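Fold and geometry: a report
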Amino acid sequence: MLRGADGAVARWTWDELAALPHESVTADIHCVTKWSKLDTMWEGVSVDALLAAAAARGVKSAPYVLAKSDGGYTTNLPLADVTGGKAWVAVKFGGAPLAPEHGGPARLLVPHLYFWKSAKWVRQLHFMEHDEAGFWESFGYHNYGDPWREQRYSGDP
Ligand SMILES: Nc1nc2c(c(=O)[nH]1)N[C@H]1C(S)=C(S)[C@@H](COP(=O)(O)O)O[C@H]1N2
Ligand SMILES: [Mo]
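Residues numbered from 1 in each chain as written. Chains lettered and ligands numbered in written order. Predicted model: local features only at pLDDT ≥ 70, side-chain atom pairs only at ≥ 80, totals over all residues. Heavy atoms only, no water.

Next up on the list: the nonpolar core. If you look at the biggest cluster of nonpolar residues, it comprises 29 residues, and the most contacted ones within it are Leu 2, Trp 12, Leu 50, Leu 108, Leu 125 and Phe 127. Element by element, the count of residues in this core is highest for helix α2 (residues 47-55), at 5 residues. Not counting chain neighbours up to four residues away, the residues in contact with Trp 12 comprise Met 1, Leu 2, Leu 17, Leu 20, Leu 50, Ala 53, Ala 54 and Arg 57. In terms of nonpolar packing, the next biggest core, distinct from the first, is built from 9 residues, Ala 27, Trp 42, Leu 98 and Phe 115 among them. (Core = buried A, V, L, I, M, F, W, Y, C linked by side-chain atoms within 4.5 Å. Buried < 20%, exposed > 50% of the residue type's maximum accessible area, 1.4 Å probe, protein only. Helix = DSSP H or I, 4+ residues; strand = E, 2+ residues; numbered from the N terminus. Contact = heavy atoms within 4.5 Å.)

What follows is the structure, encoded as structure tokens:
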């Protein structure tokens, strides 16, 4: 589900989501506690495609996004980091349906940021006019989380 800053909402059933264009993504991923996995293979719907489909239902993007998951996990991102071919709602990993422990049936995939930004079991992308800290961000993780700048904790430059 996508929610605009004004409260407008666009939802997809599982079948409707499956009917949207899917892309294959090969990317390196970086956990904040130092492991990386190279060349992981995913399949999913880009946030660009979701936003394009949502526009027809009156849902507009806004400068910040809070991803919300089943179970209450949240993580925040700037709009610019989930658009322009940088983020997907992933439904497959390594050619198979995404396993529940890895966020199945669907997770956010934002490979260019630390992996805590890739919310598992994602339910909603809430577009907002103002930034709002997610779960780890409110417990001292870096607000942006660029692995190349090693932005792990809130004091990191
Ligand atoms: N919903 C949810 N998503 C989450 C987390 C979580 O605790 N809950 N942990 C994050 C962190 S810190 C990492 S490193 C990755 C781990 O993903 P994996 O279990 O597929 O390796 O998921 C991220 N997404
Ligand atoms: Mo992590």
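Now for the side chain of His 126. By secondary structure assignment, the location of His 126 is in strand β10 (residues 122-128). Within the structure, His 126 has its side chain in polar contact with the side chain of Lys 68 (distance 3.4 Å). If near-sequence neighbours (up to four positions away) are discounted, His 126 is found in contact with Arg 3, Gly 4, Tyr 64, Val 65, Leu 66 and Lys 68. (Polar contact = N/O pair within 3.5 Å; in protein donor to acceptor, adjacent residues only side chain to side chain.)

Moving on, we get to the site of ligand 1. Looking at ligand 1, there are 13 residues lining it, with His 102, Arg 107, Ser 118, Lys 120 and Trp 121 nearest. Residue Lys 120 places a side-chain N or O atom 2.6 Å away from an oxygen atom belonging to ligand 1. Protein burial of ligand 1: of its 530 Å² of free accessible surface, 80% is covered by the chains. The residue inventory of the shell around ligand 1, partitioned by class, reads 7 nonpolar, 3 polar and 3 charged. (Near = heavy atom within 4 Å. Areas by Shrake-Rupley, 256 points an atom, 1.4 Å probe, with all protein chains shown as cover. Nonpolar A, V, L, I, M, F, W, Y, C, P; charged D, E, K, R; others polar.)

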